[in-house]
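# Secondary and tertiary structure notes
Read off the chains here:
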Amino acid sequence: MILFIDAGNTRVKWALLAAEQLANIRSALANATLVLPLSWSHQGSSTHLQIDAISEHLRAHHIEAIYISNVAGERLQQQLQNMLQALAPQSRMHRFVSQASCAGVQNGYANPAQLGSDRFASAIAAHALYPQRPVLVATCGTATTIDAISADGVFIGGMILPGLQLMAQSLAQNTAQLPQIDDPRAIQHMFADHTQQAIINGCIQAQIGAIERAYAEFAKAKNTTPACIISGGAASYLLPHLSLPNTGVQVVTHMEALVLSGLAIVAATELK
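Described in the following lines is the structure provided in the data block.

Conventions we followed
- Residues numbered from 1 in each chain as written.
- Predicted model: local features only at pLDDT ≥ 70, side-chain atom pairs only at ≥ 80, totals over all residues.
- Heavy atoms only, no water.
- Axes fitted to C-alpha atoms, helices over the stretch in contact; angles between N-to-C directions.
- Helix = DSSP H or I, 4+ residues; strand = E, 2+ residues; numbered from the N terminus.
- Parallel < 35°, antiparallel > 145°, perpendicular 65-115°, else oblique.
- Contact = heavy atoms within 4.5 Å.
- Nonpolar A, V, L, I, M, F, W, Y, C, P; charged D, E, K, R; others polar.
- Salt bridge = Lys/Arg side-chain N within 4 Å of Asp/Glu carboxyl O.
- Buried < 20%, exposed > 50% of the residue type's maximum accessible area, 1.4 Å probe, protein only.
- Polar contact = N/O pair within 3.5 Å; in protein donor to acceptor, adjacent residues only side chain to side chain.
- Arc of directions from axis to C-beta.
- Core = buried A, V, L, I, M, F, W, Y, C linked by side-chain atoms within 4.5 Å.
- Expected span 1.5 Å × (residues − 1).

Our focus in this paragraph is the packing of helix H4 (residues 117-129) against helix H8 (residues 258-270). The geometry of H4 relative to H8 is characterised by a closest axis approach of 7 Å and an angle of 75° between their N-to-C directions. Comparing their axes, H8 and H4 come out roughly perpendicular. Listed contacts from H8 to Asp-118, Ala-121, Ser-122, Ile-124, Ala-125 and Ala-128 of H4 are Leu-258, Val-259, Ser-261, Gly-262, Leu-263, Ile-265 and Val-266. Among the residues forming the contact of H4 with H8, the class breakdown is nine nonpolar, three polar and one charged.

What follows is the structure in structure tokens.
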């Protein structure tokens, strides 16, 4: 088995893939027929405080190699490495970091190493899913990132804004008379008649406004209809309100485990 780990700011997601499936991924990449999400053997997630519980799910499996994308800092990285070395001491451990070029994607960041490894892995998965088509990737988690990848596989750049929950919490924490919002829900009416719903409406509109504006500018620059992938824990709150052009081709795809898929693609190109 190959183990893939996406350590984000809030949760640690993981998935297992049989080693022989890497050949199928290589073949699909070569023929531009890759289908996502991948058929994981097992997958799960935990909070940072519960990462030791991951080993209970993995103990029964022989793990040959491990790919980790971690944007949550060195302390968590060390915790993961200690846990995984005890669990699978013979496995090859790869820490995925952003670089100038990987798995068919060129990193257009001014300093390629500065790009978050999760964003780069997502870009790799997005380009593999939509080869020869520009694609916008909006990942809606603790932060919301909106990234543009060209049809020929160049990570052009992107934007980062507070995620839906963080945006609502920030309002409550920094404005004395506004209530705490623990669970941002859907917009009921555009113009709310009470403060809690007004915060929810404003935060959701800010998120979808950023995505729609980015998409419009990207489509205009490329003079075509890009694909748009929406991922992350807050995606389900935003999708019902997202309005992108209907041109007769599929525009929006809701895709989970995008980082894990990107790591699997990297593994398929590196492990022969």
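After presenting the structure, the write-up continues.
Secondary-structure assignment places His-127 in helix H4. In this structure, His-127 is in contact with Gly-104, Val-105, Gln-132, Val-135, Ile-149, Ser-150, Ala-151, Asp-152 and Gly-153, ignoring residues within four places of it in sequence.

Here the structure, examined in full by the defined rule, presents four salt bridges. Put simply, Arg-95 and Glu-74 hold a salt bridge, and the shortest N to O gap is 3.0 Å. Within this pair, whereas Arg-95 is found in strand S5 (residues 92-95), its partner Glu-74 is found in helix H3 (residues 74-87), the two being separated by 21 residues in sequence. By relative accessible area, Arg-95 is classed as partly exposed at 33%. The shortest N-O distance in the salt bridge between Glu-217 and Arg-213 comes to 3.6 Å. Placement of the pair is Glu-217 and Arg-213 together in helix H6 (residues 195-222), with a separation of four residues, close to one helical turn. Taking relative accessible area as the criterion, Glu-217 reaches 43% and is therefore assigned partly exposed.

Looking now at the environment of Gln-207. Here Gln-207 is to be found in helix H6. When the C-alpha positions of Gln-207 and Pro-162 are compared, they lie 8.8 Å apart, and in sequence the two are 45 residues distant. When sequence neighbours within four positions are dropped, the list of residues in contact with Gln-207 reads Thr-144, Leu-161, Pro-162, Gly-163, Leu-164, Met-167 and Leu-238. Only 2.5 Å separates the side chain of Gln-207 from the side chain of Thr-144, close enough to count as a polar contact.

We now examine helix H1 (residues 21-30). Structural remark: α-helix, 3.6 residues per turn; residues separated by three or four positions point the same way. Leu-22, Ile-25 and Ala-28 are the residues of H1 that are buried. Buried residues along H1 cover an arc of 120° about the axis, so they all sit on one side. Looking at H1, the residues exposed on the side facing more than 90 degrees away from the buried face are Asn-24 and Ala-30. Its buried side turned inward, H1 meets strand S1 (2-7), strand S2 (11-17) and H8. Immediately beyond the C-terminal end of H1, within one or two residues, lies Ala-32, with a positive phi of roughly 55°.

Counting residues in hydrophobic clusters, the biggest one holds 44 residues, and the most contacted among them are Phe-4, Ile-25 and Trp-40. Of all the secondary structure elements, the ones that give two or more residues to this core are S1, S2, H1, strand S4 (65-70), H4, strand S8 (135-140), strand S11 (227-231) and H8. Ranked by residue count, the leading element in this core is H8, at nine residues. Aside from chain neighbours lying at most four places away, what touches Trp-40 is Phe-4, Ala-15, Leu-16, Leu-17, Ala-257, Leu-260, Ser-261 and Ala-264.

With 13 residues, H4 extends 18 Å from end C-alpha to end C-alpha; this agrees with the ideal 18 Å at 1.5 Å per step. With respect to burial, H4 is a largely interior element, twelve of its 13 residues being buried. By the burial criterion, the buried members of H4 are Ser-117, Arg-119, Phe-120, Ala-121, Ser-122, Ala-123, Ile-124, Ala-125, Ala-126, His-127, Ala-128 and Leu-129.

Another aspect to go through is the packing of H1 against H8. Relative to each other, H1 and H8 sit at 95°, their axes nearing to 9 Å. In terms of their interaxial angle, H1 and H8 are classed as roughly perpendicular. Along its contact with H1, which presents Leu-22, Ile-25, Arg-26 and Leu-29, the element H8 presents Ala-264, Ile-265, Ala-267, Ala-268 and Thr-269.

No statement about biological role is implied by the geometric values presented.
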